[in-house]
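Chain and residue survey
The residues making up each chain are set out below.
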Amino acid sequence: MSVQSPFIRIGSRSSAMAAWAMLALLVPCSIYSALYDSTFVWRLIGYALLGMMAETVYTLIVKRKRRLVCMGSGFTAALIAASVPPTMPFLPMLFSILIAVWIVKLPMVGSPLRFNAAMVGRLFLMLVYPAQTVNWGTPTVDVISTATPQELYRSEGFPLEWSEWLFSKIDGTWEGLFLLVPGSPGETFPLLILLLGGLLCWKGIIGWRIPLFFLLSFSITSAVFGNSLLFNLLSAAILFSAVFIVADPVSTPMSKSGQMICGLIIGISNALIREFTFYTEAIVYAVLLGNLCAPLLDHLAFEVRGKQLQRRMRQSARD
Amino acid sequence: MLRTIKIDWKIPADFRTLETPFPRPERIYSGIDEIDPKTFPAFLDEIGLIGMGGGGFPASEKLWANRHSHTLVINGVECEPGSSIDKSVLLNDSLWVAAGAAACAKVVGATKVILAVQHNPEFVAEVNKLYSEFEILSFPDKYPAGAEKLILKRLTGKCPPPGSRPYEFGFLIQNVVSLRAVGRAIVDGIPVVERPLTLAMPSTGFYKNIIVPVGISVSELLDLYKLPYDSGIHLISDSGIMMGKEISKSSTIEKTTISIFILKRDVAFREERPCTRCGVCNTACPLGLHPFTLTEKIRKGKTGGNAFKGQMSECFLCGVCSAVCPSGIPLVQTLEKGKQCL
Ligand code: SF4
Ligand code: SF4
């Protein structure tokens with residue numbers, strides 16, 4: 001067992017990072033489960049186990065190694081499960097998890113261009129099973145055709161108390177259709193998710209740069225289009241995506257400046273897609289776009305910093 | 001851009017004590033009274049002084065290059081977690097340090113002496129008492145605050161350009177232990193034959209600052225304090241946890257040995273996993289470099305570009321990136337290899 005300096009390790013280890021994120025994800029999901037759908041959290045855990053098994057099989061076949069606990073893939077699978085309606089049948093879920101883990105997540109390890117596996121799985125569901133993906137319960141009200149939920153909020157006013165944002169079951173016409181915030185199980189408790197995001201940042205599991213820049217640019221862009229900030233921020237998965245999807249370290253740039261720009265790109269494009277198209281789930285496309293830019297951003301950041309240093313070096317040589 | 005990181009380290013060695021378990025060396029020279037800038041570098045060569053802060057450059061050359069400095073900086077900012085030898089030398093051997101500092105200042109013509117120490121209220125108060133004639137500058141208790149580059153940044157107010165040396169700005173930065181050795185030679189006529197260092201074995205809570213003769217072997221030290229060293233479980237780290245090297249039991253104490261740490265192997269062991277591209281290494285690097293991109297380029301052999309050269313020459317192998325990497329990638333070792341591609 002050879003060791004090399006530094007003989008100390010600071011911060012978290014990658015094997016534990018996904019486990020922490022997974023725990024954080026379980027918090028809103030179990031509350032949702034307790035309030036609305038008692039079997040949901042078990043299904044979520046089941047899907048996560050499925051994801052892990054998928055990775056175990058993959059490593060066994062491709063790398064000929066036995067690895068039993070594969071938190072990363074489990075987390076990906078759980079994310080997919082938490083971001084689609086709980087009514088999603090098993091078969092599509094299985095397909096999307098396998099696609100996410102076998103085609104996107106594992107083969108892309110180490111290549112410069114990486115996609116967010118959960119988002120690709122999600123995209124697959126949206127394209128192949130569109131009916132189930134937008135089925136947020138029984139469509140009792142005829143607002144299902146509204147482009148964005150903000151319009152719903154606007155027409156109804158904003159009848160909720162602050163305390164209800166955290167937990168508590170909401171009654172009224174939205175019950176079963178949009179819950180507190182229109183979205184899937186994981187996306188239901190905005191303030192709680194914000195809190196968890198803060199915790200994860202503090203623990204060093206996720207970086208604060210991408211989520212912050214994502215939220216900022218998203219709010220500013222939507223404000224420019226005249227939408228209310230609060231509605232936008234609290235609706236349709238924005239906070240959920242900021243904490244659990246956008247902040248994913250694997251598929252985003254690793255340089256600091258790259259992360260900020262990537263956050264900007266995702267936020268702005270998300271707001272634009274929301275404004276000009278009928279997708280309420282614009283985040284999927286926005287994140288994939290951000291992933292697409294990541295290698296370029298990293299490369300640019302490296303070159304710019306290197307050039308900067310060289311310029312300073314030459315300057316000092318001249319003096 | 002220059003940042004430092006906080007390393008939690010439970011008990012560092014007590015800086016108030018400095019033990020001399022071995023017999024003191026004998027007087028060899030007569031000591032000198034008059035310091036002549038012309039003959040002084042030769043005198044330093046004669047006593048065999050090299051940079052004792054870990055650099056190991058011949059002190060005479062450094063002094064010669066610095067001969068037009070306006071300020072002498074005494075570097076007592078040790079930042080390697082756990083070690084406190086610079087502090088204890090400052091407190092216990094203040095006579096020699098001050099004599100050495102005065103001599104060096106005179107030789108290079110420095111009119112001002114700044115004492116850079118680590119910020120620790122208790123310690124700074126005592127230093128204030130002992131060194132009232134020097135200006136005291138305190139640095140945060142973080143790693144790598146003691147690097148020359150970061151001290152220079154604080155002094156000049158701007159980030160020094162890559163590859164520059166302190167004398168270009170008129171500063172001579174000397175380590176406390178080197179100055180102590182100078183003072184020892186001037187006052188007592190004793191050449192550089194002893195080395196103050198921190199000896200520690202964190203797992204048993206053993207921490208001591210001691211002065212040992214240069215050239216004795218590590219095993220002698222271990223026997224002296226009856227430390228339960230087992231080569232299967234423990235490793236011996238020469239000069240610190242962050243930048244140290246693993247040495248064997250039979251190695252000797254050099255003039256540049258800052259500390260001897262006996263650490264558990266499994267604490268330091270890391271299993272390399274694929275890079276998750278988390279960017280923590282970039283965020284943590286005190287100079288804002290991109291350690292992973294550098295490493296990738298080194299591993300692939302693409303070391304030609306200008307940007308690569310710029311970043312590579314800036315890196316000072318502090319090891320922060322390796323310490324924070326969640327995937328246990330030996331970044332700093334690869335970067336060390338990369339240094340040779342320059
Ligand atoms: S060793 Fe790593 S952290 Fe230290 S300067 Fe070099 S790249 Fe930055
Ligand atoms: S800290 Fe380690 S895992 Fe993260 S980007 Fe740097 S090298 Fe990769």
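Per-chain numbering applies: the sequence of each chain, read as written, is numbered from 1 onward. The order in which chains are written sets their letters, starting at A; the order in which ligands are written sets their numbers, starting at 1. Only residues with pLDDT of at least 70 get local features here, since the model is predicted, and only at 80 or more are side-chain atom pairs given and counted; chain-wide, interface and lining totals rely on the full set of residues. Excluded from the side-chain calculations are hydrogens and water; all other atoms, namely the structure's heavy atoms, are used.

**Here's the deal with the pairing of strand E3 (residues 135-139) of chain B**
All names here are of chain B. DSSP calls a pair of strands paired once it identifies at least 2 bridges connecting them. In this description a helix means any DSSP run of H or I spanning at least four residues, a strand means any run of E spanning at least two, and both kinds are numbered starting from the N terminus. By the bridge criterion, five bridges tie strand E2 (residues 112-118) to E3 in an arrangement that is parallel. The residue bridging Ala-116 from the neighbouring strand is Leu-137, located in E3. With the strands pointing away from the viewer, any crossover whose connection runs clockwise from the first strand over the helix to the second is right-handed. As for the winding sense of the linkage, the β-α-β connection from E2 through helix H5 (residues 121-130) to E3 is right-handed.

**Side note on the layout of surface pockets**
Here the second largest pocket defines a volume of roughly 1,100 Å³. With a 1 Å grid laid over protein atoms only, a set of points is called a cavity when a 1.4 Å probe fits there but cannot get out and a pocket when it is open yet has protein on both sides within 12 Å along at least five of seven lines; lining residues have an atom within 4 Å of a point. Around the second largest pocket, the lining is made up of 43 residues, and of these Ser-14, Gly-72, Lys-105 and Val-250 of chain A together with Thr-276 of chain B lie nearest the centre. Elements that contribute at least two residues to the lining of the second largest pocket include exactly helix H1 (14-35), helix H2 (40-63), helix H3 (71-83), helix H4 (90-105), helix H5 (117-128) and helix H12 (238-246) of chain A. When the residues that make up the lining of the second largest pocket are grouped by side-chain class, the tally is 25 nonpolar, seven polar and 11 charged. Grid points are joined across faces, edges and corners, and a volume is the space filled by probe spheres set on the points. Under the convention adopted here, Pro, Cys and the residues Ala, Val, Leu, Ile, Met, Phe, Trp and Tyr are nonpolar, Asp, Glu, Lys and Arg are charged, and Gly plus all remaining residues are polar.

**Details of the domain arrangement of chain B**
Where each domain begins and ends is defined by an automated method or by a domain database. According to the domain assignment, chain B contains domain 1 (26-188), domain 2 (194-268) and domain 3 (280-341). Between domain 2 of chain B and domain 3 of chain B, the C-alpha centre-to-centre distance is 28 Å.

**Regarding the pattern of salt bridges**
Between side chains of opposite charge, a pair can form when the charged atoms approach closely. Residues and elements named next belong to chain B. For this analysis, a salt bridge means a side-chain nitrogen from Lys or Arg found within 4 Å of a carboxyl oxygen belonging to Asp or Glu. Scanning the model with the defined rule gives nine salt bridges over all chains in all. Among the ionic pairs, Asp-188 bridges to Arg-184, the shortest N-O distance being 2.8 Å. Taken together, the positions of Asp-188 and Arg-184, both in helix H7 (residues 176-188) and four residues apart, correspond to about one turn of that helix. Each member of the pair, Asp-188 as well as Arg-184, is classed as buried. For Arg-184, the salt bridge goes to Glu-194, with nearest N and O atoms at 2.6 Å. Taken together, the residues span a long stretch of sequence, with Arg-184 in helix H7 and Glu-194 in strand E5 (residues 194-201) at a distance of 10 residues. Each residue's exposure class comes from its accessible area (1.4 Å probe, protein chains only) as a fraction of the maximum for that residue type: buried when under 20%, exposed when over 50%, partly exposed otherwise. Residue Glu-194 is classed as buried on the basis of its relative accessible area, which comes to 8%.

**Quick notes on the sheet that holds strand E7 (residues 234-238) of chain B**
Residue and element names in this part refer to chain B. The five strands are arranged E6-E5-E9-E7-E8 in an open sheet whose pairing can be described as mixed. In this open sheet, the two strands that pair with only one neighbour each are strand E6 (206-213) and strand E8 (245-247). Strand-to-strand twist of the sheet, defined as the mean angle between neighbouring strand axes without regard to direction, takes the value 30 degrees. In this sheet, E8 lies alongside E7 in antiparallel orientation, the contact comprising three bridges. Within the sheet, the bridge partner assigned to Asp-238 lies in E8 and is Lys-245. With axes taken as lines fitted to C-alpha atoms, and helix axes fitted only over the stretch in contact, angles between N-to-C directions fall between 0 and 180 degrees.

**Describing the interface of chain A and chain B**
In this complex, chain A contributes 41 residues to the contact, which on the side of chain B involves 60 residues. For chain A, the biggest contributors to the area lost against chain B are Phe-7, Met-254 and Phe-302 of chain A; these three give 20% of the whole. Across the contact surface, chain A and chain B share zero salt bridges. Pairs of N or O atoms are called polar contacts if they sit within 3.5 Å, as long as, within protein, a hydrogen donor faces a hydrogen acceptor (for residues adjacent in sequence, only side-chain-to-side-chain pairs). At the boundary of chain A and chain B, one finds four residue pairs in polar contact (both at pLDDT 80 or more). Only H1, helix H13 (256-276) and helix H14 (283-318) of chain A provide two or more residues apiece to the side of chain A that touches chain B. Counted by class, the side of chain A that touches chain B contains 17 nonpolar, 14 polar and 10 charged residues. Residue contacts follow a heavy-atom distance rule, with two residues in contact if any of their heavy atoms lie within 4.5 Å. A quick way to say it: buried area is the sum, across both parts, of accessible area lost when two parts are put together, with a 1.4 Å probe.

**Some words on the site of ligand 2**
Near residues are defined by distance, with any heavy atom within 4 Å of the molecule or strand qualifying the residue. With respect to spatial proximity, 13 residues lie near ligand 2, and among them Cys-275, Cys-278, Gly-279, Cys-281 and Cys-325 of chain B are the closest. Ligand 2 sits at the junction of chains A and B, each of which supplies nearby residues. When grouped by side-chain class, the residues that make up the shell around ligand 2 number nine nonpolar, three polar and one charged.

**A short note on the environment of Leu-221 of chain B**
As for its position among the elements, Leu-221 of chain B is in helix H8 (residues 218-225). With residues up to four places along the chain from it excluded, the contact list for Leu-221 of chain B reads Phe-22, Leu-199, Ile-210, Val-212, Ile-216 and Ile-253 of chain B.

**Some remarks on the packing of aromatic side chains**
All names here are of chain A. Pairing of aromatic rings covers Phe, Tyr and Trp, the last counted by its six-membered ring, and requires centre-to-centre distances within 6.5 Å; plane angles under 30 degrees mean stacked, over 60 mean edge-to-face, and any other angle means tilted. Inspection of the entire model under this criterion finds six aromatic pairs over all chains. Summarising the aromatic geometry, the rings of Tyr-47 and Phe-90 are spaced 6.2 Å apart at their centres and angled 15 degrees between planes, so their arrangement reads as stacked. On the criterion of sequence distance, the pair formed by Tyr-47 in helix H2 and Phe-90 in helix H4 is long-range, its members being 43 residues apart. Taking relative accessible area as the criterion, Tyr-47 reaches 9% and is therefore assigned buried.

**Digging into the nonpolar core**
Grouped together as the largest cluster of nonpolar side chains are 68 residues, with contacts concentrated most on Leu-25, Met-93 and Phe-244 of chain A. Per element, the largest residue contribution to this core is nine residues, and it comes from H1 of chain A. Not counting the four nearest positions on each side in its chain, Leu-25 of chain A is found in contact with Phe-75, Ala-78, Leu-79, Ala-82, Phe-240 and Phe-244 of chain A. Counting 45 residues, the second largest nonpolar core, distinct from the first, contains Leu-91, Val-107, Val-127 and Ile-258 of chain B. Residue types Ala, Val, Leu, Ile, Met, Phe, Trp, Tyr and Cys, when buried and joined through side-chain atoms within 4.5 Å, form a set referred to as a nonpolar core.

**A closer look at the side chain of Asp-188 of chain B**
Residue and element names in this part refer to chain B. Looking at Asp-188, the relative accessible area reads 17%, which means it is buried. Within the structure, Asp-188 has its side chain in polar contact with the side chain of Trp-96 (distance 3.4 Å). One polar contact links Asp-188 to Arg-184, side chain to side chain, over a distance of 2.8 Å.

**Some words on helix H4 (residues 94-108) of chain B**
Residue and element names in this part refer to chain B. Multiply 1.5 Å by the residue count of a helix minus one, and that product is the helix's expected span. With 15 residues, H4 should cover 21 Å at 1.5 Å per step; its first-to-last C-alpha distance of 21 Å lies within 8% of that length. Most of H4 sits out of view: 11 of its 15 residues are buried. Where H4 is concerned, the buried positions are Ser-94, Trp-96, Val-97, Ala-98, Gly-100, Ala-101, Ala-103, Cys-104, Ala-105, Val-107 and Val-108. Of the residues trailing H4, Gly-109 is marked for its positive phi of about 80 degrees.

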